[in-house]
Amino acid sequence: GENVEQHPSTLSVQEGDSAVIKCTYSDSASNYFPWYKQELGKRPQLIIDIRSNVGEKKDQRIAVTLNKTAKHFSLHITETQPEDSAVYFCAAPDTGRRALTFGSGTRLQVQP
Amino acid sequence: EAQVTQNPRYLITVTGKKLTVTCSQNMNHEYMSWYRQDPGLGLRQIYYSMNVEVTDKGDVPEGYKVSRKEKRNFPLILESPSPNQTSLYFCASSFSMTRRETQYFGPGTRLLVL
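Below: a short report on this structure. (Residues numbered from 1 in each chain as written. Chains lettered and ligands numbered in written order. Predicted model: local features only at pLDDT ≥ 70, side-chain atom pairs only at ≥ 80, totals over all residues. Heavy atoms only, no water.)

## With respect to the overall build of chain A
Secondary structure summary: chain A contains zero helices and 11 strands in total. The order of α-helices and β-strands along chain A, N terminus first, is β-β-β-β-β-β-β-β-β-β-β. For 112 residues, the compact-globule formula gives about 13 Å, and the C-alpha radius of gyration of chain A, at 13 Å, lands near that figure. Seen through its principal axes, chain A has C-alpha atoms that stretch 45 × 30 × 20 Å. Out of the 112 residues belonging to chain A, those deemed buried represent 46%. About 5500 Å² of surface is accessible on chain A, with carbon and sulfur atoms providing 44% of the total. Separation of charge centres in chain A, based on 13 positive and 13 negative side chains, amounts to 6 Å. (Helix = DSSP H or I, 4+ residues; strand = E, 2+ residues; numbered from the N terminus. Rg over C-alpha atoms; globule rule 2.2 N^0.38 Å. Buried < 20%, exposed > 50% of the residue type's maximum accessible area, 1.4 Å probe, protein only. Areas by Shrake-Rupley, 256 points an atom, 1.4 Å probe, with all protein chains shown as cover. Lys, Arg positive; Asp, Glu negative; His and termini not counted. Charge placed at Lys NZ, Arg CZ, Asp CG, Glu CD.)

As structure tokens, then:
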């Protein structure tokens, strides 16, 4: 099955700085890599995803990069704002089980 | 409004007392799944269902049962809850896992087993 490792577990940045969260995966057949954001007391919600035919995808202040050779992908948040404070989860498909395997999560705190 | 609903949202129970957490979606999704969320462990899948009457185990299925008799409903059953099942539970659905669709999560059910 798929194994997804996520780092760091906690990240504190000053407002306006950039934040980077990294994930590695084990299943070389994986071809879809979503990122979910979970605000305090809320449900996880998809914020961006990338498929294996592209190396980078941007949506305003967030971007995701993918290195299939090294089997890792990263979430980049620029010009961070207090409302970016949340837990972020990466995920990758377990191609054998037709399920998503999630990373352990990164708690991002943006200090005003 | 397209949504996934769960009930109850909060539940305190005692060891061994059977309980059911309901999950319903109104988006005609084929794929439904249950996760538990524990600090430092992320979201771990309990069971999933590809369609009506098709269910399979996830990473942590021990102590849980599910059923999928209707497309919209996917209840999670704890036949004999134990304290190690104290957790935050999320139901999720997507059109189809084969298309790598977005998963939509329910609001969560916080369970405490005494």
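## Remarks on the sheet that holds strand 3 (residues 19-25) of chain A
Residues and elements named next belong to chain A. Pairing in this open sheet of five strands is antiparallel, and the strands run 1-3-8-7-6 from one edge to the other. The open sheet terminates on both sides in strands that have one partner only, identified here as strand 1 (4-7) and strand 6 (56-59). Across the sheet, the mean angle separating the axes of adjacent strands is 15° when strand polarity is ignored. Bridging between strand 6 and strand 7 (residues 62-67) involves four bridges; their strand directions are antiparallel. Each bridged residue has a counterpart across the sheet, and for Asp59 the counterpart in strand 7 is Ile62. (Pairing = 2+ DSSP bridges. Axes fitted to C-alpha atoms, helices over the stretch in contact; angles between N-to-C directions.)

## A word on the nonpolar core
Residues Trp35, Phe73 and Leu108 of chain A are the most contacted members of the largest nonpolar core, which totals 23 residues. Listing elements by their share of this core, those giving two or more residues are strand 2 (10-14), strand 3, strand 4 (32-38), strand 5 (45-51), strand 7, strand 8 (72-77), strand 9 (86-94) and strand 11 (106-111) of chain A. The contacts of Phe73 of chain A, once residues within four sequence positions are left out, are Ile21, Lys22, Cys23, Tyr25, Phe33, Pro34, Trp35, Thr65, Leu66, Cys90 and Ala91 of chain A. By size, the runner-up hydrophobic cluster in this structure holds 19 residues, among which are Leu19, Ile46, Val60 and Leu76 of chain B. (Core = buried A, V, L, I, M, F, W, Y, C linked by side-chain atoms within 4.5 Å. Contact = heavy atoms within 4.5 Å.)

## Comments concerning the state of the cysteines
Residue and element names in this part refer to chain A. For the structure shown, the criterion picks out two disulfides over all chains. One disulfide bridge connects Cys23 with Cys90, the sulfur atoms lying 1.9 Å from each other. Across the S-S bond of Cys23 and Cys90 the torsion is about -100°, and the bridge reads as left-handed. Placement of the pair is Cys23 in strand 3 and Cys90 in strand 9, with a sequence separation of 67 residues. In this structure, Cys23 and Cys90 share a single accessibility class: buried. (Disulfide = S-S within 2.5 Å.)

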